[in-house]
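Close look at the chain arrangement
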Amino acid sequence: MYWKKCIKPYRWQAIIGFFFKMTEALFELCVPMAVARVIDYGVAKNDPQMIMKMAWVLFGLAIGGYCCAIVCQYFASLSSQGFGTIMRREMFNAINDYDYDNLDEMGTPTLITRITNDVNQLQDLVAMTIRLVSRSPFLIIGSLVAAFMINVQIALIFLIISPMIAFSIYWIMSHTQPLYRKIQSILDEVSSLTRENLSGVRVIRAFNKQKEEYQRFEETIDRQTYTQRHAGNLAALLNPATTVIVNLGIILILYVGGIKINAGSLTQGEVIALINYMNQILLSMYVFSNVILLYIKGSASYKRVVEVLDMHSSIIEGHESPTQNEEMIRFDHVSFSYKEGQALSDVSFVVNKNETIGIIGGTGAGKTSLVSLIPRFYDATTGKIYIKGKPISSYKFKSLRQLIGYVPQSAVLFKGSIRSNLLWGNKKASNKDIEKALEVSQAKEFVDKIGLDATIEAYGKNVSGGQRQRLTIARAIVKNPEILILDDSASALDFATDAKLRKALKTLDTTTLIVSQRVSSIAHADKIIVLRHGEIVGIGTHDQLLKDCQVYQEIVQSQSEGDHHEK
Ligand SMILES: Nc1ncnc2c1ncn2[C@@H]1O[C@H](COP(=O)(O)OP(=O)(O)OP(=O)(O)O)[C@@H](O)[C@H]1O
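What you see is a predicted model; the values in this text were computed from it and never measured.

Each helix and strand in the chain was counted, giving 21 helices and 12 strands. Expected size for 567 residues packed as a compact globule is a radius of gyration near 24 Å; at 35 Å, the chain overshoots this value by more than 25%. Overall, the chain is about 115 × 45 × 45 Å in size when its C-alpha atoms are taken along their principal axes. Within the chain, the proportion of its 567 residues that are buried is 46%. Contacts in the chain between residues at least 24 apart in sequence constitute 77% of all its contacts with a sequence separation of at least 6. Within the chain, one finds 60 positive and 53 negative side-chain charges whose respective centroids are separated by 7 Å.

What follows covers the sheet that holds strand 1 (residues 327-338). In space, the 4 strands of this open sheet follow the order 2-1-4-5, with antiparallel pairing throughout. Whereas interior strands pair on both sides, the edge strands pair on one side only; in this sheet they are strand 2 (341-352) and strand 5 (390-391). With 5 bridges connecting them, strand 1 and strand 4 (residues 382-387) associate as antiparallel partners. Along strand 4, the bridge assignment pairs serine 335 with threonine 382.

A sheet is described by the order of its strands in space; here 6 strands give the open sequence 6-9-10-3-11-12, paired in mixed fashion. The open sheet has two edge strands with one neighbour each: strand 6 (404-407) and strand 12 (535-540). For this sheet, the mean inter-axis angle between neighbouring strands, taken without regard to orientation, is 15°. Across 5 bridges, the pairing between strand 3 (residues 356-361) and strand 10 (residues 511-516) is parallel. In the sheet register, threonine 356 faces strand 10, and the bridge partner there is threonine 512.

Viewed as axis vectors pointing N to C, helix 7 (residues 152-199) and helix 9 (residues 210-236) meet at an angle of 160°, and their least axial separation amounts to 9 Å. By the angle between their axes, helix 7 is roughly antiparallel relative to helix 9. In terms of crossing hand, the pair formed by helix 7 and helix 9 is left-handed. Looking at the contact of helix 7 with helix 9 residue by residue, the class counts come to 14 nonpolar, 9 polar and 6 charged.

For asparagine 46, which is not a glycine, the phi torsion comes out positive at approximately 50°. Along the chain, asparagine 46 falls in the loop between helix 2 (11-43) and helix 3 (48-96). Positive phi, normally seen in glycine, also occurs at asparagine 208, with a value near 55°. By the element assignment, asparagine 208 lies in the loop between helix 8 (201-206) and helix 9.

Our next topic: the nonpolar core. In summary, soluble globular proteins display a tendency toward joint burial of nonpolar side chains. Ranked by internal contacts, the top residues of the largest apolar core, which has 43 residues, are Leu438, Leu471, Leu505, Val530 and Tyr552. In terms of residues, this core owes the most to one element, helix 17 (residues 465-478), which gives 6 residues. Ala155, Phe158, Ile172 and Leu293 belong to the second-largest nonpolar core, a separate cluster that totals 41 residues.

With that settled, consider a nonpolar patch on the surface. Together, Met33, Ile141, Val145 and Met149 give the surface a local cluster of nonpolar side chains, amounting to about 390 Å² of exposed area. For the nonpolar patch, the element with the highest residue contribution is helix 6 (residues 135-150), accounting for 3 residues. Along the chain, methionine 149 falls in helix 6. The exposed category is assigned to methionine 149, whose relative accessible area is 61%.

Moving on, we come to the UniProt feature "transmembrane region" (unreviewed entry) in the chain. UniProt feature "transmembrane region" (unreviewed entry): in the numbering of this structure it lies at residues 55-78, 132-150, 234-257 and 277-296. The span residues 55-78 is 100% helical and 0% strand by assignment, and the distance between its end C-alpha atoms comes to 35 Å. Secondary structure content for residues 132-150 is 95% helix and 0% strand, and the end C-alpha separation is 26 Å.

What follows is about the pattern of salt bridges. What the rule picks out here adds up to 22 salt bridges. With its nearest N and O atoms 2.7 Å apart, the salt bridge here joins arginine 216 to glutamate 196. Remark: glutamate 196 occurs in helix 7 and arginine 216 occurs in helix 9; sequence separation between them is 20 residues. Classification of glutamate 196 by relative accessible area gives partly exposed; the value is 47%. Its salt-bridge partner being glutamate 435, residue lysine 444 comes within 3.2 Å of it at the nearest N-O pair. Linked through salt bridges whose partners overlap, the residues forming this network are Asp118, Asp188 and Arg304.

Okay, helix 6 next. Along its 16 residues, helix 6 runs 22 Å from first to last C-alpha, staying within 8% of the 22 Å computed at 1.5 Å per residue. Turning to helix 6, its buried residues number three or more, namely Arg135, Ser136, Leu139, Ile140, Gly142, Ser143, Leu144, Ala146, Ala147 and Ile150. Of the surrounding secondary structure, the elements contacted by the buried residues of helix 6 are helix 2, helix 5 (108-133), helix 7 and helix 11 (268-310).

About the thresholds
One numbering rule holds for all chains: residues counted from 1, following each sequence as written. Given that this is a predicted model, residues contribute local features only at a pLDDT of at least 70 and side-chain atom pairs are listed and counted only at 80 or more, while totals for whole chains, interfaces and linings are drawn from all residues. Heavy atoms throughout the structure, all of them, feed into the side-chain values; hydrogens and water do not. Runs of H or I in DSSP of at least four residues are treated as helices and runs of E of at least two as strands, each being numbered from the N terminus. Our radius of gyration is a C-alpha quantity, and the globule rule it is checked against amounts to 2.2 Å times the number of residues to the power 0.38. Relative accessibility thresholds used throughout: buried, under 20% of the residue-type maximum; exposed, over 50%; partly exposed, between the two (1.4 Å probe, protein chains only). The criterion used for residue contact is that any of the two residues' heavy atoms lie within 4.5 Å. As used throughout, the charge tally considers Lys and Arg to be positive and Asp and Glu to be negative, leaving His and the chain termini uncounted. Throughout, a charge is located at the NZ atom of Lys, the CZ atom of Arg, the CG atom of Asp or the CD atom of Glu. Strand pairing is defined by DSSP finding a minimum of two bridges between the two strands. Helix axes are fitted only over the stretch in contact, all axes being lines through C-alpha atoms; the angle between N-to-C directions runs from 0 to 180 degrees. An angle below 35 degrees is read as roughly parallel, one above 145 as roughly antiparallel, one from 65 to 115 as roughly perpendicular, and any other as oblique. By convention, the crossing between two helices is left-handed when the near helix turns anticlockwise from the far helix through less than a right angle, and right-handed when the turn is clockwise. Think of it as three bins: nonpolar holds Ala, Val, Leu, Ile, Met, Phe, Trp, Tyr, Cys and Pro, charged holds Asp, Glu, Lys and Arg, and polar takes everything else, Gly as well. What makes a nonpolar core is a set of buried Ala, Val, Leu, Ile, Met, Phe, Trp, Tyr and Cys residues whose side-chain atoms join them at distances within 4.5 Å. Each patch groups residues whose relative accessible area exceeds 30% and which form no salt bridge, using 9 Å between like charges and 5 Å between nonpolar side chains of Val, Leu, Ile, Met, Phe, Trp and Tyr. Each accessible area value is a Shrake-Rupley result obtained with a 1.4 Å probe; residue values ignore everything except the protein chains displayed when judging cover. Put simply, a salt bridge is a Lys or Arg side-chain nitrogen that is within 4 Å of an Asp or Glu carboxyl oxygen. UniProt positions are given in the numbering used here, feature names are shortened, and annotations may be inferred rather than shown by experiment. Expected span, for any helix, means 1.5 Å times one less than how many residues it has.

Listed below in structure tokens is the structure:
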């Protein structure tokens, strides 16, 4: 019960809000009684003093109700905002613990909608629950009781009308609920499309795809409009339906009340009070129906929030820390599958301390998948991976990831400065460590020009692709890792800078894995792993592979032909 956990720290505020709302409702219930007295004793008996007295009573009731409403509003806002904050924090923590599988399964756009839209919906629901859920039934029951106190026979009309209203509300709600769920999922699609279009705006323009993208977006929002309109049309039936039923009740009260006034068993003031109570029931039912609507939307939102909170990483953390070992990495008959299909099959190799390993293969050969297994972004489906002689699963995540400097294929920087980004690797790094990392990653020249404290925008969009790559490499080096993984991280560098980078990397005291599609980037490596369709088809030095690995020969040949044509 996540909602209980989120509301618990604010339960007293919620209870106080609830209490004041009930007091306000009590004041409201007294109003028709006071009006009845004005009519029966003040107006009918021509007693101005009585009218004045009751006017003061009504004024007092209004002021009392107003004060209670303000106090309730304050506490309702406090508890609902607090509830939302805790829920967002819980979701954020859960998402931070996700493994890559979880992230692949959920997808970023829906996570964003859930942590913003859905939690907002639930926040509103909490405020409304405090302010309206208790008040409406209280007013409905209170009005019924008051009606019985005035006249039992007329009160029976209330007993017939109320279930009719309740039924009409139920019917409409049960038909709108599925539509609201559908709207939420279309909203996810809209957010996903928006994200894709905003991040890919240059590609869209370069390929002149604006019209197609516009149409795709139009189709989705048309679908949303249609569903929203359909749900809105059904929901709009609610007010007319309930008003017609209640007015039917008022006609009956006037008819029966008129007969009773003539017979002298009911006063005019009491009939007015009964009509006021009937109107109060209508108003409360109307409010209540809106609360139910909010609950329907809220239950869909809650389900989506719970899905986020219930998703847990299947990767279980170990307890061990690394020790000294000459063997750094061992893959022992490792296979790995995504939900969509197999990416690696029966991969075995050993990497010794301070070796440089090149990993090469065509697009989709499994290079990224292979290196993603080392920091345990994913777990191997079968087979075992050992780091420094111990199974990877036996390590604490922190100890394991502390060993590794990972430079992903897409270079991502965070909002802040160059320095703050570099310190991600090691917050205690000195200026000297940073300088060294910048030198190795070939970023020193341009950083010297703009300074270490130059601003970096979100995603690092204010620096060029090549500069971004160099800074992500520097960030990994600042960490002083024992294993450095560069996943196609030099693709945006020119050949000369790439060569300088490789030479500088050699000076580091690390075991380096370089993933690349360029032979020149890995030819110097101590060992090259050649992948094809997720299988290792060759392991050895450049010269050995040139002799015995046909796939490697083909790659080398295709690239030298490419170079030749370029010349
Ligand atoms: N997150 C994912 N979910 C499902 N399948 C994936 C995922 N990532 C990769 N794959 C699939 O796994 C296979 C291997 O992909 P991988 O990214 O490891 O190849 P790669 O050699 O790094 O390719 P590239 O050089 O293009 O980056 C491919 O068939 C790819 O479609």
